[in-house]
Amino acid sequence: MITLSENIQLKPVLSSDSLALFKLMKEVYPLAYSHFWLDKGDWYVDSQYSTTHILKELLVENAEYYFVIYKDEIVGNFRFVWDEKLLGLSEEKQVKLHRIYLHQKIQGKGIGKEILAWLDEKVKQKGYEIIWLDAMDAQLKAFQFYKNRGYTYHSHTFLPFDLMLKEVRKMSQLYKKL
């Protein structure tokens, strides 16, 4: 367990936690993204948080995967991958912020800011220069959150998911130089 503050901890996700992570995301993901999908996001959660997929992600040696705990309750998850490069950036030492999902009921309490500040420090301590991520342009609050944390636009792509509404498929790659 990693303590970020009196009320915020990060607990490593273990293979035995796959069902708990799936149940958490069945609640958390639709609150933020169900309106982007024809099926309310069921396909996405079922595919990305299936036991098979989670176990595969946990096998990635250069990745770290955590539950976010706020006041002793699991309220989200957080994953990043060391040495995953953003095409077109020349810096060698990059980290991809792969996932950060926080339950809607605790958003606005500074938890995301605290997690990203912790990641910034960890990345700097290891001598890395860049953190990057994919952000959905149509999720304006999240997109603005990253821009307010110093992330800059680099490029974009479009998600290929058939069940996702076409008008919300744009993902921007944002990066932050430390």
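Predicted model, so just to flag it, every value in this text is computed and none were measured. (Residues numbered from 1 in each chain as written. Predicted model: local features only at pLDDT ≥ 70, side-chain atom pairs only at ≥ 80, totals over all residues. Heavy atoms only, no water.)

1. Notes on the sheet that holds strand E4 (residues 73-82)
For step 1, the next point in the chain: Spatially, eight strands are ordered E1-E2-E3-E4-E5-E6-E8-E7 in an open sheet, and the strand pairing comes out mixed. Each having just a single partner strand, strand E1 (2-3) and strand E7 (152-158) make up the two edges of the open sheet.
For step 2, the next point in the chain: By the bridge criterion, four bridges tie strand E5 (residues 94-102) to strand E6 (residues 130-136) in an arrangement that is parallel. Bridged to Lys96 within E6 is Trp132. (Pairing = 2+ DSSP bridges. Helix = DSSP H or I, 4+ residues; strand = E, 2+ residues; numbered from the N terminus.)

2. Details of the nonpolar core
A general tendency of soluble globular proteins is for nonpolar side chains to be buried together.
For step 1, the next point in the chain: Of all hydrophobic cores here, the largest spans 29 residues; its most connected members are Phe78, Leu97, Ile115 and Tyr146.
For step 2, the next point in the chain: Breaking this core down by element, the ones donating at least two residues are strand E2 (8-12), strand E3 (63-70), E4, E5, helix H4 (111-125), E6 and helix H5 (140-148).
For step 3, the next point in the chain: Considering each element in turn, this core owes the most residues, six residues, to H4.
For step 4, the next point in the chain: Residues contacting Tyr146, with those up to four places away along its chain left out, are Leu97, Ile100, Leu116, Leu133, Ala135, Tyr151 and Leu174.
For step 5, the next point in the chain: Core analysis: the second largest hydrophobic core is formed by 21 residues, Val13, Trp37, Tyr49 and Leu159 among them. (Core = buried A, V, L, I, M, F, W, Y, C linked by side-chain atoms within 4.5 Å. Buried < 20%, exposed > 50% of the residue type's maximum accessible area, 1.4 Å probe, protein only. Contact = heavy atoms within 4.5 Å.)

3. Points about the pattern of salt bridges
For step 1, the next point in the chain: Applying the stated criterion across every chain, the model contains 10 salt bridges.
For step 2, the next point in the chain: The residue Asp46 makes a salt bridge to Lys26 at a minimum N-O spacing of 2.8 Å. Of this pair, Asp46 sits in helix H2 (residues 42-48) while Lys26 sits in helix H1 (residues 18-33), placing them 20 residues apart in sequence.
For step 3, the next point in the chain: Its salt-bridge partner being Lys96, residue Asp134 comes within 3.2 Å of it at the nearest N-O pair. Of this pair, Asp134 sits in strand E6 while Lys96 is found in strand E5, placing the two residues 38 residues apart along the sequence.
For step 4, the next point in the chain: Connected via shared salt-bridge partners are Lys26, Asp42 and Asp46. (Salt bridge = Lys/Arg side-chain N within 4 Å of Asp/Glu carboxyl O.)

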